[in-house]
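Fold and geometry: a report
As a plain string of letters, each chain reads:
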Amino acid sequence: MMKSEKEFVGTLLGFDDFVNMVLEDVTEYETAGKTRKVNHLDQILLNGNNICMLVPGGEGPDA
């Protein structure tokens, strides 16, 4: 879960001391009001400053 209205679900490949993370097979969920946008990505680098919470084994936001 990010500090913004985004959530990412994927496989953790690695991280560093600053909690920057590399994920693969990523699904991005962006919520704006009552609408939800879903985007699929092969790989992503997340900046640790923007990460709010990690949920091991998480399935993404509820429908």
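One can find the structure itself at the top, above this paragraph.
Computed from a prediction, not measured in an experiment: that's the story for all the values here. (Residues numbered from 1 in each chain as written. Predicted model: local features only at pLDDT ≥ 70, side-chain atom pairs only at ≥ 80, totals over all residues. Heavy atoms only, no water.)

1. As for the overall build of the protein chain
- Scanning the protein chain for helices and strands turns up zero helices and three strands.
- The globule rule puts the C-alpha radius of gyration for 63 residues at 11 Å, and the 11 Å found for the protein chain is close to it.
- When its C-alpha atoms are laid out on the principal axes, the protein chain stretches across 35 × 20 × 20 Å.
- Per-residue burial over the protein chain gives 19% buried out of 63 residues.
- Considering only residue pairs separated by 6 or more positions, the protein chain has 40% of its internal contacts joining residues 24 or more positions apart. (Helix = DSSP H or I, 4+ residues; strand = E, 2+ residues; numbered from the N terminus. Rg over C-alpha atoms; globule rule 2.2 N^0.38 Å. Buried < 20%, exposed > 50% of the residue type's maximum accessible area, 1.4 Å probe, protein only. Contact = heavy atoms within 4.5 Å.)

2. Side note on unusual backbone geometry
- The phi torsion at Val-19 lies on the positive side, around 65 degrees, for a residue other than glycine.
- Assessed through its relative accessible area of 34%, Val-19 is described here as partly exposed.

3. Comments concerning the side chain of Thr-27
- With respect to the helices, strands and loops of the structure, Thr-27 is situated in strand 2 (residues 21-32).
- What makes Thr-27 buried here is its relative accessible area of 15%.
- Within the structure, Thr-27 has its side chain in polar contact with the side chain of His-40 (distance 3.4 Å).
- Sequence-distant contacts of Thr-27, that is, excluding residues within four places in its chain, are made with Glu-7, Phe-8, Val-9, Val-38, Asn-39 and His-40. (Polar contact = N/O pair within 3.5 Å; in protein donor to acceptor, adjacent residues only side chain to side chain.)

4. Comments concerning the pairing of strand 1 (residues 6-15)
- The pairing of strand 1 with strand 2 spans eight bridges and is classified as antiparallel. Residue pairing in the sheet places Thr-11 in a bridge with Glu-24 of strand 2.
- Adjacent in sequence and paired antiparallel, strand 1 and strand 2 are bridged by five residues, among which Val-19 carries a positive phi angle near 65 degrees. (Pairing = 2+ DSSP bridges.)

5. A closer look at the side chain of Glu-28
- In this fold, Glu-28 is placed in strand 2.
- By relative accessible area, which is 10% here, Glu-28 ends up buried.
- Polar side-chain contacts of Glu-28 include one of 3.2 Å to the side chain of Lys-6.
- Not counting chain neighbours up to four residues away, the residues in contact with Glu-28 comprise Lys-6, Glu-7, Phe-8, Lys-37, Val-38, Asn-39 and Leu-41.

6. Some details on the pattern of salt bridges
- Counted under the stated rule, the structure contains one salt bridge.
- With a shortest N-O distance of 3.2 Å, Lys-6 and Glu-28 are connected by a salt bridge. Of the two residues, Lys-6 sits in strand 1 while Glu-28 sits in strand 2, which places them 22 residues apart along the sequence.
- Relative accessible area serves as the criterion here: at 28%, Lys-6 is assigned to the partly exposed category. (Salt bridge = Lys/Arg side-chain N within 4 Å of Asp/Glu carboxyl O.)

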